[in-house]
Amino acid sequence: MACRSNTYHRAGEQALTARILNGNEIRELIYADLRKEIAELRALGIQPGLAAVLVGNSPASEMYVSSKVAACAELGLYSEKIAPPETITTDELLTLVERLNRRDEIDGILVQLPLPKQVNSKRILEAVDPAKDVDGFHPVSVGRLVAGQPGLVACTPAGVMEILRRSGIPIEGANVVVMGRSDIVGKPMALLLMHAHATVTICHSKTRDLPDVVRRADIVVAAMGKAGMVQPDWIKPGATVIDVGTNKLTDAGLAATLFANNPKRLEKFREKGWTTVGDVHPDATQVAGAMTPVPGGVGPLTIAMLMSNTVKAARLRRASRPEFSGQPSAAKG
Ligand code: NDP
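Rules used throughout
- Residues numbered from 1 in each chain as written.
- Predicted model: local features only at pLDDT ≥ 70, side-chain atom pairs only at ≥ 80, totals over all residues.
- Heavy atoms only, no water.
- Near = heavy atom within 4 Å.
- Polar contact = N/O pair within 3.5 Å; in protein donor to acceptor, adjacent residues only side chain to side chain.
- Areas by Shrake-Rupley, 256 points an atom, 1.4 Å probe, with all protein chains shown as cover.
- Nonpolar A, V, L, I, M, F, W, Y, C, P; charged D, E, K, R; others polar.
- Core = buried A, V, L, I, M, F, W, Y, C linked by side-chain atoms within 4.5 Å.
- Buried < 20%, exposed > 50% of the residue type's maximum accessible area, 1.4 Å probe, protein only.
- Helix = DSSP H or I, 4+ residues; strand = E, 2+ residues; numbered from the N terminus.
- Domains from an automatic or database assignment.
- Contact = heavy atoms within 4.5 Å.
- Pairing = 2+ DSSP bridges.
- Axes fitted to C-alpha atoms, helices over the stretch in contact; angles between N-to-C directions.
- Buried area = accessible area lost by both parts, 1.4 Å probe.
- Salt bridge = Lys/Arg side-chain N within 4 Å of Asp/Glu carboxyl O.
- Phe/Tyr/Trp six-rings, centres within 6.5 Å; stacked < 30°, edge-to-face > 60°.
- Lys NZ or Arg CZ within 6 Å of the ring centre and 35° of its normal.
- pLDDT = per-residue confidence, 0-100.
- Expected span 1.5 Å × (residues − 1).
- Right-handed = clockwise from strand over helix to strand, strands pointing away.

Draft legend 1. Representation of the site of the ligand in the model. Around the ligand, the structure places 20 residues, and the nearest of them are Arg181, Ser182, Ser205, Thr246 and Thr302. At 3.5 Å from an oxygen atom of the ligand is found a side-chain nitrogen or oxygen belonging to Asn247. A total of 920 Å² of accessible area belongs to the ligand in isolation, and the protein chains cover 69% of it. For the shell around the ligand, the class distribution of residues is seven nonpolar, 11 polar and two charged.

Here it is as structure tokens:
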């Protein structure tokens, strides 16, 4: 790290304190909009429904699925948790997904990943009806995203776009650096930003001179899964930093470095033995103009966008049906 003093502004410059982009507050704005849409649908006798398939007993997966089911209950969506045993075969799971595809009261199907080793995950994800693909992982959904057509978009990148838009961060013409090129975050993120007229650079583990590339960005999206890797002096003063990384930190040495300027957080880490951190050093708030915290930044938006996709799927699936005629919002992309 270039800045030994733990302050990151240049000599003669005043330290910036980034505006914190609070994901919980933005989620509540999205939920307020969704509640109106859901009330409109309920008035037509439609209750959007989500089926969550959870294979096995992984505590992390159970926690994610419970949060998704709880969010459905909070918003008045129908939800169903289907929990087949860990030993399920690919064919059995395909049958289960196909049954959900046929049920009209189910608008969204999510298959919680990872699936057990004996199951062919790709075949399962491709078996989900694209009209019900609320995770946005199906090749048809990906193809629509590439082509800029309306459809269901992967929740985390869609959530990042909501953070940027609802926080008034200009995207058009901005230089954006996306760190990470995974199918679920980095790639769809880059496409969404490109469609919003940003100039996008995608970085990955083979990128040369990563800090120099990042320094050119007006907006930085970090999605690598590398605790605190992005240093404050990689950030252009005033840039917007979106930290998608969600890493369980147990390394006391790294915690001491990351929280050197935050004794309360360091104390909490020492009491508990772990904490969740992003990919960006928390002191980047001294340089950035705006930044998402971890936790409480991008995370809350992922579930919010799953809810949004479920409502969107309910509308899109029924858009051509007679009960929707005359409903202007039925054709919403
Ligand atoms: P993946 O492991 O699938 O992808 C990581 C990407 O980061 C890869 O493209 C990889 O490059 C790149 N990368 C890894 N190390 C480096 C490095 N040293 N320099 C540059 N690039 C690097 O992760 P995901 O996309 O699934 O997730 C990324 C992070 O986002 C994780 O922390 C995850 O927990 C978090 N996440 C958070 C969500 C939320 O709701 N907040 C939702 C989803 C994910 P390469 O392709 O070359 O290997």
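Having seen it, we continue.
Draft legend 2. Layout of the nonpolar core. Formed by 54 residues in total, the largest nonpolar core has its most connected members in Leu193, Val221, Ile242 and Met307. Only helix H1 (23-43), strand E2 (49-53), helix H2 (59-75), helix H6 (155-166), strand E5 (175-179), helix H7 (186-195), strand E7 (219-222) and helix H11 (299-318) provide two or more residues apiece to this core. Looking at which element gives the most residues to this core, the answer is H11, with eight residues. Both of domain 1 (45-130 + 301-318) and domain 2 (154-298) provide at least three residues apiece to this core. Discounting residues that sit within four places of it in the chain, Met307 has contacts with Tyr31, Leu34, Leu50, Lys68, Ala71, Cys72, Leu75 and Leu77. Ranked by size, the runner-up nonpolar core spans 20 residues in total, among them Ala217, Ala222, Val230 and Ala288.

Draft legend 3. Quick look at the sheet that holds strand E4 (residues 108-111). Read from one edge to the other, the open sheet built from three strands follows the order E3-E2-E4, with strand pairing classed as parallel. The sheet is open, and its two borders are formed by strand E3 (78-82) and E4, each paired with just one other strand. Strand-to-strand, the axes of this sheet are offset by a mean angle of 15 degrees, without reference to chain direction. Here E2 pairs with E4 via four bridges, running parallel. Its bridge partner being in E4, Leu50 is matched across the sheet by Gly108.

Draft legend 4. Just the sheet that holds strand E1 (residues 19-20), in detail. Sheet architecture is open: six strands sit in the order E1-E11-E8-E7-E5-E6, paired in parallel fashion. Each edge of the sheet is formed by a strand with only one pairing partner; in this case those strands are E1 and strand E6 (199-203). The pairing of E1 with strand E11 (residues 290-291) spans two bridges and is parallel. Directly across from Arg19, in E11, lies its bridge partner Ala290. Contacting E5, E6 and E7, H7 runs over the sheet at an angle of about 170 degrees to E5.

Draft legend 5. Summary view of the domain arrangement of the chain. Under the domain assignment, the chain is made up of domain 1 (45-130 + 301-318) and domain 2 (154-298). Taking the mean C-alpha position of each, domain 1 and domain 2 sit 28 Å from one another. Opposite the five residues of domain 1 that make contact, domain 2 presents eight residues. Its largest share of buried area at the contact with domain 2, domain 1 owes to Leu301, Thr302 and Met305, together 84% of the area lost on that side. The interface formed by domain 1 and domain 2 holds zero salt bridges in total. Between the two partners, domain 1 and domain 2, sit three residue pairs in polar contact (both at pLDDT 80 or more).

Draft legend 6. Just the packing of aromatic side chains, in detail. Following the criterion strictly, the structure yields zero aromatic pairs and no others. In this structure, Lys248 packs its charged tip against the face of Trp274, placed 4.9 Å from the ring centre. The ring of Trp274 is capped by Lys272, whose NZ or CZ atom sits 4.2 Å from the centre of that ring.

Draft legend 7. Just the confidence of the model for the chain, in detail. Considering every residue of the chain, the mean pLDDT works out to 93; 92% of them sit at 70 or more. In this model residues 1-5 is a low-confidence stretch, pLDDT under 50, and it forms eight contacts with partners more than four residues away in sequence or in other chains.

Draft legend 8. Just H6, in detail. Compared with the 16 Å implied by 1.5 Å per residue over 12 residues, the 16 Å span of H6 between its first and last C-alpha is a close match. Among the 12 residues that make up H6, 10 are buried, leaving the element largely enclosed by the rest of the structure. For H6, the full list of buried residues reads Cys155, Thr156, Pro157, Ala158, Gly159, Val160, Met161, Glu162, Ile163 and Leu164. Those residues of H6 that are buried are in contact with H1, H7, E7, strand E8 (240-243) and H11. Following H6 by one or two positions, Gly168 has its phi on the positive side, about 70 degrees.

Draft legend 9. Up close: the pairing of E3. Pairing of E2 with E3, which is carried by five bridges, proceeds in the parallel orientation. Within E3, the position partnered with Gly49 by the bridge is Tyr78. Running through H2, the crossover from E2 to the neighbouring parallel element E3 is right-handed.

Draft legend 10. Just unusual backbone geometry, in detail. Cis geometry marks the peptide bond from Leu113 to Pro114; its omega dihedral reads 0 degrees. Note that Pro114 resides in the loop between E4 and helix H4 (121-127). A cis amide bond links Val294 with the next residue in sequence, Pro295, at an omega value of 0 degrees. Checked against the element boundaries, Pro295 lands in the loop between E11 and H11. Even without a glycine there, the phi angle at His197 is positive, about 75 degrees. With respect to the helices and strands, the residue His197 is situated in the loop between H7 and E6. The exposure class of His197 is exposed, given its relative accessible area of 52%. Notably, Asp209 is not glycine yet its phi reads approximately 50 degrees, a positive angle. On the basis of relative accessible area, Asp209 is assigned to the exposed category, the value being 56%.

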